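Geometric and topological summary
Here's the letter readout for the chains.
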Amino acid sequence: MEATPYLFFKGTCREAFETYAKVFGSPEPDLMTYANLPEADKAQMPDIPADAVMHGSMKIGESLIYGSDDMMGEFIPMAGCSMAATLPDEAATRAAFEALAEGGEVRMPLMPMFWTPLFGTLTDRFGIRWMVMAEGEQG
């Protein structure tokens, strides 16, 4: 059994997953677009752009995340939960945090905490909330 986070985007799933792949050094994401639908199904959704992501998956380290574009107009920015990423060292943590924060909003800058050398929170430009931290204990 496993639980996998499923993220929704307001038409930016492809850009977000490609950004996350660069930030975390992940393999290229696997993205299925509405263009991949059978013709009969496409006819039932004529207003959805063919390049919109119907389902995406990608690895971040050993973790898997799923996502898609919310084309039904029900997109609500992420609230009440965050993606948590633990990086192997302080340099990787700073690099990931800065890349995710670009165009987004830092909620708590990176700083030492009693359980980790660095911890910070942000909402990225795609509306996804992140908690980013370095492995190890505060010295």
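Before going into details, it helps to say that this report is about the structure given with it. (Residues numbered from 1 in each chain as written. Predicted model: local features only at pLDDT ≥ 70, side-chain atom pairs only at ≥ 80, totals over all residues. Heavy atoms only, no water.)

**Quick look at the sheet that holds strand E4 (residues 63-69)**
By definition, the strands of a sheet pair up through backbone hydrogen bonds, in either a parallel or an antiparallel sense. Reading across from one edge, E1-E4-E3-E2 is the order of the four strands in this open sheet, with mixed pairing throughout. What marks the edges here is a single partner per strand, and that holds for strand E1 (6-9) and strand E2 (30-33). Strand-to-strand twist of the sheet, defined as the mean angle between neighbouring strand axes without regard to direction, takes the value 20°. Relative to E4, strand E3 (residues 53-60) runs antiparallel, the two sharing five bridges. Across the sheet, the residue bridging to Ser 57 is Tyr 66, located in E4. In the packing of helix H1 (residues 13-24) onto the sheet, the strands contacted are E1, E2, E3 and E4, and the crossing angle to E3 comes to about 10°. (Pairing = 2+ DSSP bridges. Helix = DSSP H or I, 4+ residues; strand = E, 2+ residues; numbered from the N terminus. Axes fitted to C-alpha atoms, helices over the stretch in contact; angles between N-to-C directions. Contact = heavy atoms within 4.5 Å.)

**Thoughts on the layout of surface pockets**
Space inside the largest pocket adds up to approximately 330 Å³. As for the largest pocket, its lining consists of 19 residues, of which Ile 60, Gly 61, Ser 63, Ala 84 and Ala 85 are closest to the centre. For the lining of the largest pocket, the secondary structure elements donating two or more residues are E4 and strand E5 (83-87). Here the lining of the largest pocket gets five residues from one element, more than from any other, and that element is E5. (1 Å grid on protein atoms, 1.4 Å probe; cavity = no way out; pocket = protein on both sides within 12 Å on 5 of 7 lines; lining within 4 Å. Points joined across faces, edges and corners; volume = space filled by probe spheres on them.)

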